[in-house]
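Spelled out from the first residue to the last, the chains are:
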Amino acid sequence: MFEIVFLGTSASAPSAHRGLSAQVVMHDEYRFLVDCGEGTQRQILRSGLGFKRLNRILITHGHLDHILGLAGLLSTYMRWESVEELEIYGGQWALERVRDLLFGVVLRGASPPIKLNLYEIQPGVFIEGNDFQVSAFPVTHRGPDCYGFLFEEKSRRPFLPEMAEALGIPPGPWRRMLVDGQTASLPDGRMITPDEVLGPQVAGTRLAHIGDVGRVDDLVSVCQGVDTLVIEATYLEEEVEMARQYSHLTARQAAELAVQAEVRNLILTHVSRRYRERDVLAEARSVFPNTRVARDFDMFQVKRTELIEVDLKPEDDR
Ligand SMILES: [Zn+2]
Ligand SMILES: [Zn+2]
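Residues numbered from 1 in each chain as written. Chains lettered and ligands numbered in written order. Predicted model: local features only at pLDDT ≥ 70, side-chain atom pairs only at ≥ 80, totals over all residues. Heavy atoms only, no water.

J.: Sorry, what's going on with the coordination of the zinc ion (ligand 2) here?
T.: Each pair of donors in an ideal octahedron of six around a metal sits at 90 or 180 degrees, and each pair in an ideal tetrahedron of four sits at 109.5 degrees. The zinc ion (ligand 2) binds to the protein through His61 (NE2), His63 (ND1), His141 (NE2) and Asp212 (OD); the donor distances cover 2.1 to 2.3 Å. One way to put it: the 4 donor atoms around the zinc ion (ligand 2) meet at angles of 88 to 167 degrees, and that makes the site irregular. Separating the zinc ion (ligand 2) from the zinc ion (ligand 1) is a distance of 3.6 Å, and aspartate 212 supplies a donor atom to each of them. Like histidine 61, the residue histidine 63 is buried in the burial classification. (Donors = N, O, S within 2.8 Å, 3.2 Å for Na, K, Ca; no water. Tetrahedral: all angles 85-135°; square planar, octahedral: opposite > 155°, others 65-115°. Buried < 20%, exposed > 50% of the residue type's maximum accessible area, 1.4 Å probe, protein only.)

The following block contains the structure:
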C-alpha cells in the first residue's frame, strides 16, 4: 500500500483554498515529498504530517510553481537538527534551477550545515527499498528533462499458513527462511522448499504520479493497469488550444489516458483558478467515471484496485 497526501493542488499560482504543487507519498517508513511549491512548509505543518523523515524530495520539473518552496524548507532544515540529510532527485534542468536557488540564494557560498545531495535522475528505477521501488519516466512539457514517477510494490508470493500447518512446520526461523525463498531444513531432518508453502505471485500496488504534461499518447504503456493515476488537469476542453500552447492537459485528455491505460482510479490535481472544481470533475467523469479532483489536505490509501479516502484533519480544523 502507498498513501498520498495532497499539500498543494493549484496550477501556476495559489488560490485562497489551494496551495502550489506538493504531495507526500508514503510507504512504510519511507516518505517522499513530490514537488515543493511555494508555501509547502506551512502546508506540511497544517497537515500534521510534520518534517520528520521527510528528507527525500522528488522534483517533476523545474518550473517555479514546483520548486520555490525548497528554499524555505532548506532554510528551516538548516536550523533544525532532526533532519541531518536532504536528498533531492530531479532531471538535469530541474536540478540546475534547484542548485541556483539553494546554493545561490539560500547558502550563497556557505557550505550547508546538513548533508545536501542532489541526484540527477534518468529514466528507470532510482530508489529501491526491500519491497518497493520508484522509477522515473520522461514526460513532455515545456522544457527538457521532465519526469513522471511510478511507485511500485514488488510482486510477492504470500506465505500460506495452512500449508505450513499441514506440513507440520514448527514455529521458529524455518518459516522466515521459506518466506525469503530459501529451502528450510527442519529439526526432524525433512527439507521443505518455498514452493510447498508459498502461493502464486501476487502483483504489488502501483501508483503513477505525473506532474505537468502536455501529451499523453506516450504515457499509455507506462500507466498501463496502475491502481491509481495522479495527473495534472490544468484546463477544460473549451480551452484545449491554450492547453496545447502551454503544454498542459484538459480534464478530458487526462481522463482519456485513464481509459486507454485501463487504470483503476484517477486523481486530478494542478487545477486552475479559472474553473470551478465541479466542472473539472464533470468533464473528466464523462469519460472516466472513477475520477476525483484532489483538494489540499486530501489523503488517500492506494491499495491494489482500491482507493480509500482517509480523513486527515488539518491542524486548523480543530
Ligand atoms: Zn505547474
Ligand atoms: Zn510546468
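J.: Explanation requested: the coordination of the zinc ion (ligand 1) in the structure shown.
T.: Around the zinc ion (ligand 1), the protein contributes the donor atoms Asp65 (OD), His66 (NE2), Asp212 (OD) and His270 (NE2), which lie 2.2 to 2.3 Å from the metal centre. Relative to the metal, the 4 donor atoms surrounding the zinc ion (ligand 1) lie at angles of 91 to 163 degrees, and the coordination shape comes out irregular. Here the donor residues for the zinc ion (ligand 1) map to a single chain with the spacing D-H-x145-D-x57-H. By relative accessible area, which is 1% here, histidine 66 ends up buried.

J.: Even after reading the chapter, I still don't get the sheet that holds strand β4 (residues 56-58), so can you show me in this structure?
T.: Strand pairs in the sheet, formed through backbone hydrogen bonds, run parallel or antiparallel to each other. Within the open sheet, the 8 strands sit side by side as β6-β5-β4-β3-β2-β1-β16-β17. Their pairing is mixed. This sheet does not close on itself; its edge strands, each paired only once, are β6 (115-120) and β17 (307-310). Strand after strand, the sheet turns through a mean of 25 degrees between neighbouring axes, direction not considered. In the sheet, strand β2 (residues 22-27) pairs with strand β3 (residues 30-34) via 5 bridges, with the strands oriented antiparallel. Looking at β3, one finds that valine 25 is bridged to phenylalanine 32. In the packing of helix α1 (residues 40-47) onto the sheet, the strands contacted are β1 (2-8), β2 and β3, and the crossing angle to β1 comes to about 125 degrees. Seen against the sheet, helix α3 (residues 69-78) touches β3, β4, β5 (85-90) and β6 and runs at an angle of roughly 160 degrees to β5. (Pairing = 2+ DSSP bridges. Helix = DSSP H or I, 4+ residues; strand = E, 2+ residues; numbered from the N terminus. Axes fitted to C-alpha atoms, helices over the stretch in contact; angles between N-to-C directions. Contact = heavy atoms within 4.5 Å.)

J.: Which parts of the structure should I look at to understand the pattern of salt bridges?
T.: In a structure, side chains of opposite charge can pair up when their charged atoms sit close to one another. Using the criterion set out here, one finds 16 salt bridges in the structure. Across the pair arginine 176 and aspartate 180 runs a salt bridge whose closest N-O atoms are separated by 3.3 Å. Under the relative-accessibility criterion, aspartate 180 is labelled partly exposed at 47%. Connected through salt bridges with shared partners, the residues Arg18, Glu277 and Arg295 form a single ionic network. (Salt bridge = Lys/Arg side-chain N within 4 Å of Asp/Glu carboxyl O.)

J.: Could you clarify how one ought to interpret the pairing of strand β16 (residues 299-302) in this entry?
T.: Along any regular strand the residues' side chains alternate between the sheet's two faces. On β16, burial covers both faces: Met299 and Gln301 on one face and Phe300 and Val302 on the other are all buried. Both β1 and β16 contribute to a ladder of 4 bridges, which runs antiparallel. Residue pairing in the sheet places isoleucine 4 in a bridge with phenylalanine 300 of β16. Sheet analysis places β16 next to β17, joined by 4 bridges and oriented antiparallel. Of the residues in β17, the one forming a bridge with valine 302 is leucine 307.

J.: Got a minute to help me understand the side chain of aspartate 227 in this structure?
T.: Mapped onto the secondary structure, aspartate 227 falls in the loop between α7 (220-223) and β13 (228-232). Reaching out from aspartate 227, the side chain makes a polar contact with the side chain of arginine 304 at a distance of 3.4 Å. The contact partners of aspartate 227, leaving out residues within four places of it in the chain, are Gly204, Thr205, Arg206, Arg264, Asn265, Val302, Lys303, Arg304 and Thr305. (Polar contact = N/O pair within 3.5 Å; in protein donor to acceptor, adjacent residues only side chain to side chain.)

J.: What am I meant to see in the nonpolar core here?
T.: Membership of the largest hydrophobic core comes to 36 residues, with the highest contact counts inside it found for Ile210, Cys223, Leu229, Ile231, Leu257 and Leu268. Among all residues touching isoleucine 210, those that are not within four sequence positions of it are Phe137, Val139, Gly148, Leu219, Cys223, Leu229, Val230, Ile231 and Glu232. (Core = buried A, V, L, I, M, F, W, Y, C linked by side-chain atoms within 4.5 Å.)

J.: What should I look at first to understand the side chain of histidine 270 in this one?
T.: Relative to the helices and strands, histidine 270 resides in the loop between β14 (265-269) and α10 (277-285). Since its relative accessible area comes to 2%, histidine 270 is described here as buried. In this structure the side chain of histidine 270 is engaged in a polar contact, spanning 3.0 Å, whose partner is the side chain of aspartate 212. With residues near it in sequence (within four places) discarded, histidine 270 still touches Thr9, Ser10, Ala11, Ser12, Ser21, Asp65, His66, Asp212, Glu232, Ala233, Thr234 and His248.

J.: Before we go on, may I ask you to explain the packing of helix α9 (residues 251-260) against α10 in this structure?
T.: In a packed pair of helices, the relevant descriptors are the angle between the two axes and the axis-to-axis distance. Relative to each other, α9 and α10 sit at 40 degrees, their axes nearing to 8 Å. Seen from above, α9 lies across α10 with right-handed handedness. Where α9 abuts α10, its residues Ala251, Arg252 and Ala255 lie against Val280, Glu283 and Ala284. Taken together, the residues that form the contact of α9 with α10 break down as 4 nonpolar, no polar and 2 charged. (Left-handed = near helix turned anticlockwise from the far one by under 90°. Nonpolar A, V, L, I, M, F, W, Y, C, P; charged D, E, K, R; others polar.)

J.: Quick question: what am I supposed to make of the pairing of β2 here?
T.: Summarising burial for β2: 6 of the 6 residues are buried, a large majority. By the alternation rule, side chains of β2 split into Ala22, Val24 and Met26 and Gln23, Val25 and His27, which are all buried. Inspection of the sheet shows β1 paired to β2 by 5 bridges, in the antiparallel sense. Within β2, the position partnered with isoleucine 4 by the bridge is valine 25.

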